[in-house]
Amino acid sequence: MVKRLYLLFILALCAAIGILVPVHAATWILVWNDEFSGSSIDRANWNFETGPSDSWNSGELDYCTNGANVRIQDGVLVIEARQENVGGMNYTSARINTKGKREFTYGKIEARIAIPTGKGLWPQFWMLGANYPGMAWPGCGEIDIMSHTNTDRLNYGSIYWDNNGCQSYGANVRVSNITSYHVYSIEWSPATIKWFVDGIQYCEGSLLDDAAGMEEFQKPFFIVLNLAVGGNWAGSPDAKTVFPAKMLVDYIRVYQDEASIKPTSSPTPLPASPTPKPTITILAVTGKGIPGKIEAENYDDMSGIQTEACSEGGLNVVIREKGGWMDYHVRVRTTGSYQVSYRVASPSGTGQIQLLANSDLLATSTIPNTGGWQSWITVKATVNLKEGTQTLRLYARWGGFNINWITFEQRK
Ligand SMILES: [Ca+2]
Ligand SMILES: [Ca+2]
Ligand SMILES: [Ca+2]
């Protein structure tokens, strides 16, 4: 685990300081797609999983029907959850998969989806190892590309696998206008999985560490689409949840890297006029991992600070006055000693920055005069961090400086 995270950190650091890492740039070839342009769902691609959704042990309240809750309408797949009694359940919905029909190892897998929101609704676009159910979960592996519950704006990208118990990794991303169409995707190679919304990456996980037991992700997976009602995560619908609730899927497309993978089937041609790009913004990334790099402007909460365009690219945070702060919700993977690096600039040398974990002061660092608001240097400190999810605060004991990013490197 440590080796894997250390590699991630090194990659992040190399990117941060501009070292060219030799990376093979994939040439994506479309190998399979379903544009949902026919009059009915294509059974050559899709199976219907039928029965009480709860049979998958997540506590859902819907009964998955054999096609009654799925239709193609105006070039779009509609999965509809209804409030009706079938098979002893109070709701019906659908769960469809490509098992035994369309299975893939690696590639770029994307779908353009519009989801419903409402208490108790849980739409998902995800993948399961093709050896399921012969190999039980989580030993089959799971890749979640789009997963959302209830009424917030968070999309969750995750992987689950077995290593003497269920392991998981991932992040969530806040998406504006989450009920509008968005393209949810992953780029999966033997080495990494990267998660995107509308082409904007919000998470990357390494698959390389043998000690982490991640062999699940070197095998074929099939695709699953469903709109669950209830469940242990979403909870039950309330009086404000609107039924029928509709999850709309405009298309699913799978691409593989021309250099490494031969096409396995003949895709249908893409529509002549591409779908217009949605005008959305990723508002924030949460679930930041340590070790790793955090852009200062990707705070989860703040007071008394601003952001501005940074001469090194992206944004930086401006802290003019003492007392300004930013909070970051982070996940520390291992308890231990870490080197913190702050990328800072100051025209005055008056700045002092403190790092706090759940109100405990970990370190105080002085920001020297670097020669200007956009003249950047790196200031380092050593701190002890405890494993687990927590809030780190960067607090300006004295102001008068800019901060672009922070990295955390585990010390040996
Ligand atoms: Ca494993
Ligand atoms: Ca379509
Ligand atoms: Ca930045």
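Cut-offs used in this document
Residues numbered from 1 in each chain as written. Chains lettered and ligands numbered in written order. Predicted model: local features only at pLDDT ≥ 70, side-chain atom pairs only at ≥ 80, totals over all residues. Helix = DSSP H or I, 4+ residues; strand = E, 2+ residues; numbered from the N terminus. Buried ≥ 20, exposed ≤ 12 C-beta atoms within 10 Å, placed from the backbone. Contact = placed C-beta atoms within 7 Å. Pairing = 2+ DSSP bridges. Core = buried A, V, L, I, M, F, W, Y, C linked by C-beta atoms within 7 Å. pLDDT = per-residue confidence, 0-100.

It is worth spelling out the overall build of the protein chain at this point. From N to C terminus, the protein chain includes one helix and 32 strands. Residue burial in the protein chain is summarised as follows: out of 412 residues, 42% are buried. When contacts within the protein chain are restricted to residue pairs at least 6 apart in sequence, those whose partners lie at least 24 apart make up 73%.

With nine bridges connecting them, strand β27 (residues 336-345) and strand β30 (residues 377-385) associate as antiparallel partners. Within β30, the residue paired with Q339 across the bridge is T382. Relative to strand β32 (residues 401-410), β27 is paired through eight bridges, and the arrangement is antiparallel. Looking across to β32, one finds that R343 is bridged to W405.

Here the focus is the nonpolar core. I113, F125, I143, I145, Y184 and V249 are the most contacted members of the largest nonpolar core, which has 68 residues in total. Of all the elements, strand β19 (residues 245-257) adds the most residues to this core, at eight residues. If we skip the residues at most four places from it in the chain, F125 touches A111, I113, I145, M146, Y184 and L225. Among the nonpolar cores identified, the runner-up in size contains 29 residues, and A296, F401, W405 and F408 belong to it.

So, about the environment of S375. If you trace the backbone, S375 turns up in the loop between β29 (360-366) and β30. Every residue in contact with S375, bar those within four places of it in the chain, is listed here: A345 and T370.

To continue, consider the environment of C310. Along the polypeptide, C310 turns up in the loop between β24 (306-309) and β25 (315-319). When the 22 C-beta atoms within 10 Å are taken as the criterion, C310 is described as buried. In the structure, C310 is positioned 64 residues away from Q374 in sequence and 7.2 Å away in space, judged by C-alpha atoms. Each residue touching C310, except ones within four places of it in the same chain, is listed here: L315, N316 and N404.

Looking now at the pairing of strand β18 (residues 221-229). For β18, the buried fraction is high: eight of the nine residues fall into the buried class. Bridge analysis of strand β9 (residues 103-104) against β18 gives two bridges, and the strand direction is antiparallel. Along β18, the bridge assignment pairs F104 with F221. The pairing of strand β11 (residues 121-129) with β18 spans nine bridges and is classified as antiparallel. What sits directly across from W126, in β18, is V224.

Before going further, it helps to spend a moment on the environment of A25. Of note, A25 is situated in the loop between α1 (2-17) and β1 (28-34). Distance from A25 to A259, taken between C-alpha atoms, is 9.6 Å for residues 234 residues apart in sequence.

This part is about unusual backbone geometry. Following Y132, the chain continues into P133 via a peptide bond in cis, with omega recorded as 5 degrees. Along the chain, P133 falls in the loop between β11 and β12 (142-147). Here F243 and P244 are connected by a cis peptide whose omega angle stands at -5 degrees. Phi is positive for D74, which is not a glycine, with a value near 55 degrees.

Attention now moves to the confidence of the model for the protein chain. With 88% of its residues at a pLDDT of at least 70, the protein chain reaches an overall mean of 87. Counting contacts from residues 277-281, a segment whose pLDDT is below 50, to residues more than four positions away or on other chains yields eleven contacts.

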